[in-house]
There are 4 protein chains.
Amino acid sequence: MLSIDLNCDMGEGFSVYSIGNDDQVMPFITSANVACGFHASDPSNMWKTVKLAARNGVGIGAHPSYPDLVGFGRRAMDATLDEISADVTFQIGALSAFCRREGVPLRHVKAHGAMYNKAVDALPVAKALAQAIKAVDAELVMVCLSNSAMVTAAKEVGVPYVEEVFADRAYTHEGKLVPRSREGAVLHDPDIIAQRVLKMVRDKTVISIDGAEIPLKADTICVHGDSAGAFEMIKAIRKTLEAGNVALKAFGK
Amino acid sequence: MLSIDLNCDMGEGFSVYSIGNDDQVMPFITSANVACGFHASDPSNMWKTVKLAARNGVGIGAHPSYPDLVGFGRRAMDATLDEISADVTFQIGALSAFCRREGVPLRHVKAHGAMYNKAVDALPVAKALAQAIKAVDAELVMVCLSNSAMVTAAKEVGVPYVEEVFADRAYTHEGKLVPRSREGAVLHDPDIIAQRVLKMVRDKTVISIDGAEIPLKADTICVHGDSAGAFEMIKAIRKTLEAGNVALKAFGK
Amino acid sequence: MLSIDLNCDMGEGFSVYSIGNDDQVMPFITSANVACGFHASDPSNMWKTVKLAARNGVGIGAHPSYPDLVGFGRRAMDATLDEISADVTFQIGALSAFCRREGVPLRHVKAHGAMYNKAVDALPVAKALAQAIKAVDAELVMVCLSNSAMVTAAKEVGVPYVEEVFADRAYTHEGKLVPRSREGAVLHDPDIIAQRVLKMVRDKTVISIDGAEIPLKADTICVHGDSAGAFEMIKAIRKTLEAGNVALKAFGK
Amino acid sequence: MLSIDLNCDMGEGFSVYSIGNDDQVMPFITSANVACGFHASDPSNMWKTVKLAARNGVGIGAHPSYPDLVGFGRRAMDATLDEISADVTFQIGALSAFCRREGVPLRHVKAHGAMYNKAVDALPVAKALAQAIKAVDAELVMVCLSNSAMVTAAKEVGVPYVEEVFADRAYTHEGKLVPRSREGAVLHDPDIIAQRVLKMVRDKTVISIDGAEIPLKADTICVHGDSAGAFEMIKAIRKTLEAGNVALKAFGK
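Residues numbered from 1 in each chain as written. Chains lettered and ligands numbered in written order. Predicted model: local features only at pLDDT ≥ 70, side-chain atom pairs only at ≥ 80, totals over all residues. Heavy atoms only, no water.

**Student:** Could you give me a rundown of the relation of the copies chain C and chain B, with the residues and numbers involved?
**Tutor:** Mapping chain C onto chain B leaves a residual RMSD of 0.0 Å; the transformation is a rotation of 180° accompanied by 0.0 Å of translation along its axis. One copy is carried onto the other by what is essentially a two-fold rotation axis. In terms of C-alpha distance to the rotation axis, chain C has Met-77 of chain C as its closest residue, with the C-alpha 2.2 Å off the axis. The fraction of interface residues of chain C whose copies in chain B are also interface residues reaches 100%, indicating that both copies meet through the same surface. (Least-squares fit on C-alpha atoms with pLDDT ≥ 70 in both. Contact = heavy atoms within 4.5 Å.)

Spelled out as structure tokens, the structure:
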């Protein structure tokens, strides 16, 4: 039976602030990318999120970022490779301690926001990320945007990886994400999105923005949980996948 | 042959700032309490400090604090036990990742500043600390002020611990530290201090501020490296201990 | 015609996080205590909040806190009087610049959370606060809990002040707030609360928790806007006051 | 009599950390660019620095930065123009409150590190900076790198400005700073540097890295105080200027 993973950013509250609907969304996903205090969250929120993920049997990953709480990690920073390496190491370690407390493994690492975007194109950054992951724990899985420098980096560094695709994003003819600034870059209809996801999993292809059927490797689907609409999308995807006999399962399980 | 451990706070720089003389002091101590970003340090400085400790074969410990960079962790905060527990877990984890990168064990945890002072007297805080340590890694050693609530907590929680004494501090008749505000609380003469330390190790006693010889358990001696005078003291202690046939050795080795 | 001021904490979002319903609440209050980045908010959120207050003709005040974003300024800290003075000065200044940009005056200062609570009882802290306010701008009004050390401090230091009461809190026979831990400390029925407020303004008295009618000076009423229930309370208070021929007006106007 | 201003970054300590030798350097300069907590400093250090500058009769300026304590404000960040504007407003305001406390004017603003470098080339950033300065206080002077987008911005926005040159940096034929990465970009000999400065002030020219005498407008000379060598340089410059009958005087006095 075919299976696929749904990953979602979780634990992005901070202090007294909450964002998203983690309690509601967690049961519907299979992998959680947990914020580590650099773009969002703090020790108490991290602990709470790890407990919630553990209770739901969801695979737990670190979601490291540039140190930019005020900008939610969305602002590119000219950090050196050594700084990125140190920052990622720190964040993986911090989260791993909560996993050890709760008796669940830390299983993957997915960069957040501006750091993710940088690693998509900049091989040296992607390699710094891959090396940090491997150096901390050689069994950690790196979540890489399909068809990006991240995949190259994971291969070169020799770190286990999965390729991720975005459920609600258009793809270019070359299998890259259409930039958000371009019209049609973001899809909104839950049913259309769910059908695209099913096709990605079953046929390993997607219809590009210019109408061609192109190959796309999808080990995990990135979904969002931070709005009512986003949650509807997750439910639609799950329903369509289950109807299509695709199992929802965390990668590596 | 008798042996004793010398522990010292290390890695308390931050950003472009340095403090102390880590490069100079590290070869003279046997255990380093490494700042974890809450009262001092940042990922890059933590990494550098772990490398330096590893090169010198020094035992590495986490030195967690309240979140108070501006106050260097010296200001008491009304944090809840859960917050303390989460903060300590986070910091141990963050440091442990640098240890894993460098292939050296994280071996102990010693609370910093106001958190240390709180745990000296407040058993619930000491137990929250002990529980966090044990929950992250049951082999981690808790560094406890001799004759304090920390020791009680370590025993009750069942976490390995060592008792520490201060080389340059006067003791009361009851074996407690004389508060810094009292005259004579801090000793300054390196030779007198060194002789006291030798006595603590050999006879397991100290002359209290009121002139009595009182029992004192010393598994590790806390020394400071943040001034020229402090460094002289470390050298005097080492010299006196070696002359007295006491080996300098990290605890647990 | 009698008049009274309604003050409310505003601008307590941070980064991408929002809290409360500032847009909705602002038109219903007459004074806004604007967070200054130490317990909540950041430069962009402060600017937005000052603009919103200015558009609504609401009196603007600084709402300084201990530096504790993670704890939302609710945790007491052993800061020195000089540190408190510096922190308050910094925060007043930062907010005042946004007021100058928007062409509106900064008119008052009300301490937040743990700093407020400290200044209620600890005269030296209350005086440090009063002195900082006066030193930055001698026309700034200090918002003081009625019947507290703050009032004493404002008088001794010679800073303009107003006395505030809480709409939804019970009072002791001595005119002090009943601690939240005690049953009956917090009132919930909007109509009862509104009637109490009207009585405070008209008769300058309140019925204490033990049933006596006691004097209470009320220059401004503290209300909350961070929940649906809180907003209902504000509306009930306004309606009752207006029906009772009490004008809603910022103090000092 | 000719006169010139010497400006220097001051107050770049943080928490318990100090950097530079402010006490020693302050009497030798005429303008201090005071860190405002975003790349260095905190309220207590800002207050101390303003007091020190006031005691020495030195002109006080704000030295705003991107929010990057860990990177000392040296890392470029993709902040929006509105974020830069808000950050600069906040920092000017915070510092101005300490000036008001000490009864001295805040007189200028000079961007720090990566923000400065950005404003050298990026006119929109330079204009955002100029607009923030003007909006807070129309009499504040913007310190602009001579021959850069900052000057254009100050003119277009209509904010008072001075042009600054670097004592120890080589200039291109076009009057731009030679990038630090190029050999010969930084000068080290205090006497040569002092003679260059005298020529800049007297002849309003400098010998470029390719040997030509080119025009250069110098209202203020940027010097550094963070090392023993830097302090020697300041003393050499002062001595040479005084011998050359050039008065040292803060701009705008």
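Now that the structure has been shown, the text picks up again.
**Student:** Mind laying out the packing of aromatic side chains, listing which residues take part and the relevant values?
**Tutor:** A full pass over the atoms with the stated rule returns 30 aromatic pairs over all chains. Measuring from ring centre to ring centre gives 5.1 Å for Tyr-17 of chain B and Tyr-17 of chain D, while their planes differ by 10°; the resulting arrangement is stacked. With Tyr-17 of chain B in the loop between β1 (3–10) and α1 (22–25) and Tyr-17 of chain D in the loop between β1 (3–10) and α1 (22–25), this pair bridges two chains. We note that Tyr-17 of chain B, like Tyr-17 of chain D, is buried. (Phe/Tyr/Trp six-rings, centres within 6.5 Å; stacked < 30°, edge-to-face > 60°. Helix = DSSP H or I, 4+ residues; strand = E, 2+ residues; numbered from the N terminus. Buried < 20%, exposed > 50% of the residue type's maximum accessible area, 1.4 Å probe, protein only.)

**Student:** Could you give an account of the relation of the copies chain A and chain B, with specific residues and numbers?
**Tutor:** Two chain copies here: they are related by a rotation about an axis and a translation along the same axis. With an RMSD of 0.0 Å, chain A superimposes on chain B once it is rotated by 180° and translated 0.0 Å along the axis. A symmetric contact is evident, with 100% of the interface residues of chain A recurring at the interface of chain B.

**Student:** I'd love a proper account of the interface of chain C and chain B, names of residues and values included.
**Tutor:** The interface of chain C with chain B comprises 8 residues on the first partner and 8 residues on the second. Between chain C and chain B, the buried area comes to about 780 Å², and carbon and sulfur atoms account for 54% of it. By the criterion of area lost to chain B, the three top residues of chain C are Arg-75, Met-77 and Asp-78 of chain C, representing 62% of everything that side buries. Inspection of the region where chain C meets chain B yields 2 salt bridges. A salt bridge links Arg-75 of chain C to Glu-83 of chain B; the nearest nitrogen and oxygen atoms lie 3.0 Å apart. Looking at the side of chain C that touches chain B residue by residue, the class counts come to 4 nonpolar, no polar and 4 charged. (Buried area = accessible area lost by both parts, 1.4 Å probe. Salt bridge = Lys/Arg side-chain N within 4 Å of Asp/Glu carboxyl O. Nonpolar A, V, L, I, M, F, W, Y, C, P; charged D, E, K, R; others polar.)

**Student:** With reference to specific residues and values, describe the confidence of the model for chain A.
**Tutor:** Per-residue confidence for chain A gives a mean pLDDT of 95, with 100% of residues at or over 70. Prediction confidence for the complex, expressed as pTM and ipTM, is 0.97 and 0.96 respectively. (pLDDT = per-residue confidence, 0-100.)

**Student:** Requested: an account of the pairing of strand β5 (residues 141–145) of chain B, with residues and values cited.
**Tutor:** Residue and element names in this part refer to chain B. Most of β5 is tucked away: 5 of the 5 residues are buried. Where burial is concerned, the two faces of β5 agree: the one with Val-141, Val-143 and Leu-145 and the one with Met-142 and Cys-144 are both buried. Note: strand β4 (residues 106–109) against β5, 2 bridges, orientation parallel. In the strand pairing of β5, Val-109 is matched with Met-142. By the bridge criterion, 4 bridges tie β5 to strand β6 (residues 161–166) in an arrangement that is parallel. (Pairing = 2+ DSSP bridges.)

**Student:** Give a description of the interface of chain A and chain B that names residues and reports values.
**Tutor:** Between chain A and chain B, the contact holds 24 residues from the first and 24 residues from the second. For the pairing of chain A and chain B, the buried interface totals around 1,900 Å² over both sides, and the portion due to carbon and sulfur atoms is 66%. Three residues, Phe-90, Arg-100 and Arg-101 of chain A, lead the burial of chain A against chain B; their summed loss comes to 32% of the area buried on that side. At the surface where chain A touches chain B, the tally comes to 0 salt bridges. Only α2 (43–55), α3 (81–102) and α5 (123–136) of chain A provide two or more residues apiece to the side of chain A that touches chain B.

**Student:** Any details on the nonpolar core? Residues and values, ideally.
**Tutor:** Counting 349 residues, the largest nonpolar core has Ile-221 of chain B together with Ile-221 of chain D as the members making the most contacts within it. If sequence neighbours within four positions are ignored, Ile-221 of chain B has contacts with Ile-4, Asp-5, Leu-6, Asn-7, Val-165, Ala-167, Val-197, Met-200 and Val-201 of chain B. (Core = buried A, V, L, I, M, F, W, Y, C linked by side-chain atoms within 4.5 Å.)

**Student:** Give me the packing of helix α5 (residues 123–136) of chain C against helix α6 (residues 149–157) of chain C: which residues, what numbers.
**Tutor:** Residue and element names in this part refer to chain C. Two elements in contact, α5 and α6, have axes separated by 8 Å at closest approach and are oriented at 45°. Relative to α6, the element α5 lies oblique. In this structure, α5 crosses over α6, and the sense of that crossing is right-handed. Residue-level inspection shows Leu-123, Ala-126, Lys-127, Ala-130, Gln-131 and Lys-134 of α5 in contact with α6, the latter providing Ala-149, Met-150, Thr-152, Ala-153, Ala-154, Glu-156 and Val-157. In terms of residue class, the contact of α5 with α6 is built from 8 nonpolar, 2 polar and 3 charged. (Axes fitted to C-alpha atoms, helices over the stretch in contact; angles between N-to-C directions. Parallel < 35°, antiparallel > 145°, perpendicular 65-115°, else oblique. Left-handed = near helix turned anticlockwise from the far one by under 90°.)

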